[in-house]
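Structural characterization, general
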Amino acid sequence: MAFRTRLSVSDILHRGLVWSLLGVSVWGIVMIGAVHQNTLRAGREALAKQEALGEVQVPKQIGVLEDWTRTHAGCDLDVQEEKKEIELAEAAQAVLKGRANSP
């Protein structure tokens, strides 16, 4: 018969803590998935309801999203301001590229 050492109380408590934390972690991951699926389902149902009422038109292509937003979402986007932000972003990228090449 194999000789087994007796576990101390601290070892038993440690094992219990580790298994409890593992169980809570697995439960949390499963619940994240369940909440995500529930949120997606609720969003699809709300979108279907709005489409049935004719309140929203969903863009069929990604490329038309900007035009769709301007015409259908009820927001007035300032084109000049948007172009200025793009120019600033490009300038920042150019500075970062120049900094990476210098010693």
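Residues numbered from 1 in each chain as written. Predicted model: local features only at pLDDT ≥ 70, side-chain atom pairs only at ≥ 80, totals over all residues. Heavy atoms only, no water.

Some words on the overall build of the protein chain
Along the protein chain, the regular secondary structure elements total three helices and zero strands. The order of helices and strands in the protein chain, counted from the N terminus, is α-α-α. Counting across all 103 residues of the protein chain, residues that qualify as buried make up 0%. Here the protein chain displays about 9,700 Å² of accessible surface, and carbon together with sulfur accounts for 62% of that area. (Helix = DSSP H or I, 4+ residues; strand = E, 2+ residues; numbered from the N terminus. Buried < 20%, exposed > 50% of the residue type's maximum accessible area, 1.4 Å probe, protein only. Areas by Shrake-Rupley, 256 points an atom, 1.4 Å probe, with all protein chains shown as cover.)

Digging into a nonpolar patch on the surface
A surface patch of nonpolar side chains, amounting to about 670 Å² of accessible area, comprises Trp19, Leu22, Val26, Trp27, Val30 and Met31. On the secondary structure map, Met31 appears in helix α1 (residues 9-53). Judged by relative accessible area, which is 35%, Met31 ranks as partly exposed. (Patch = residues over 30% accessible without salt bridge, like charges linked within 9 Å, V, L, I, M, F, W, Y side chains within 5 Å. Salt bridge = Lys/Arg side-chain N within 4 Å of Asp/Glu carboxyl O.)

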